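So the chains spell out like this:
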Amino acid sequence: MKRFLIVFAAVALAAALSGCEHGKVSEGHDIQAYCVIGVIVVLSFLLSRYTNMLRDEITDCDQFDEEVSKVQRRTKTKIQNKKSPFSLAKTQFAAWTVIIASSYIYLSLTKGDCADGAINKTALVLMGIGTGILTAAAIIDKREELDNRPRHQNRPSKGFFSDILSDHNGVSIHRFQNFVWTSIAMIVYIMKVAHVQSGCVMPELSDTLLALTGISGVTFLTMRASENKPTVESAPEDPATGNVVAPAPAPVSAPVEAVSITVPGGNAAEAISTTVPVSNNP
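Everything quoted here is computed from the prediction, not taken from an experiment. (Residues numbered from 1 in each chain as written. Predicted model: local features only at pLDDT ≥ 70, side-chain atom pairs only at ≥ 80, totals over all residues. Heavy atoms only, no water.)

A look at the nonpolar core
Core analysis: the largest hydrophobic core is formed by 21 residues, its most contacted members being Trp-96, Ile-100, Leu-107, Leu-126, Tyr-189 and Leu-205. Contributions of two or more residues to this core are made by helix H3 (30-50), helix H5 (88-110), helix H6 (121-146), helix H8 (173-194) and helix H9 (207-224). Per-element accounting of this core gives the leading share, six residues, to H5. Look past the residues within four positions of Leu-126 in its chain and what remains in contact with it is Trp-96, Ile-100, Tyr-189, Leu-205 and Leu-210. Ala-89, Ala-94, Ile-129 and Phe-220 belong to the second-largest nonpolar core, a separate cluster that totals 12 residues. (Core = buried A, V, L, I, M, F, W, Y, C linked by side-chain atoms within 4.5 Å. Buried < 20%, exposed > 50% of the residue type's maximum accessible area, 1.4 Å probe, protein only. Helix = DSSP H or I, 4+ residues; strand = E, 2+ residues; numbered from the N terminus. Contact = heavy atoms within 4.5 Å.)

What follows is the structure, encoded as structure tokens:
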């Protein structure tokens, strides 16, 4: 598979830089731009499909194998492709990378030289949001791994959308919210790129949409940090009365008293100090 990806990338890049050059006689650099964008999109899809680029890291192989066994017993089928689940943070970061890079190539080759334009605030903010979420999620994962916590990520993949939208309780509202606002920002960004008539001007999103995208990312990270918190065991109940049974108090050690014992015939320097338990009972 690695050899196939390398060969495909080399062939596609050669086609984009040389083979597509013939189309720019009548259509400017449009075909060349589409070829390069196609290489980026197809390569990212293949890497996402056949590698762990967008998948969560398995931190407990024993828990993963146990989850695989549970799925096999429940479905009565053998899982052939034991892959870890997809990561929402990694998917979001990869999507923004592909969209912004493709937009820059399209505008630069078909509308003008983007190097002459000013630094685009929206592109920097969007890449910053994606980078921040990915970095914070990696820190949370590492902390959970060091704490030896059971993680819902240590399970086989249930499908792309189920993986990125679900925690241990199923589809979660904070993941869904982050997915919705990120998708809206991506759609608006692509539409603005498509409506650029002339000049390499990277599109600007409204401050409101950027704020909503950032807030949804912060909400996701806040809730993501508590997804794998260890559960607190409740106190047992008495089956006869139904009342909660208080745990038995820890045994209290008997008080001790220091006693000095002087060896007969010796001096004060030869005194032996020891401790003996003193009972309160008469």
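Read on for the rest.
Regarding the confidence of the model for the protein chain
When pLDDT drops low, the exact placement of atoms in the prediction is not to be read closely. In this model, the protein chain carries an average pLDDT of 78, and 70% of its residues clear a pLDDT of 70 or more. With pLDDT under 50 throughout, residues 21-27 is counted as low confidence; its partners more than four residues away or in other chains account for five contacts. Note on residues 252-282: pLDDT under 50 across the span, and 25 contacts to partners over four residues away in sequence or across chains. (pLDDT = per-residue confidence, 0-100.)

Describing H6
Helix length check: H6 (26 residues) gives 37 Å between terminal C-alpha atoms against 38 Å at 1.5 Å per residue, within 8%. All of the buried residues along H6 are Thr-122, Ala-123, Leu-126, Ile-129, Gly-130, Ile-133, Ala-137, Ile-140, Asp-141 and Glu-144. Tucked into the core, H6 has its buried residues touching H5, H8 and H9. Two or three places before Thr-122, at the opening of H6, Asn-120 has a side-chain oxygen 3.3 Å from that residue's backbone nitrogen. Once H6 ends, the next one or two residues include Asn-148, with phi positive near 55°. (Expected span 1.5 Å × (residues − 1). Polar contact = N/O pair within 3.5 Å; in protein donor to acceptor, adjacent residues only side chain to side chain.)

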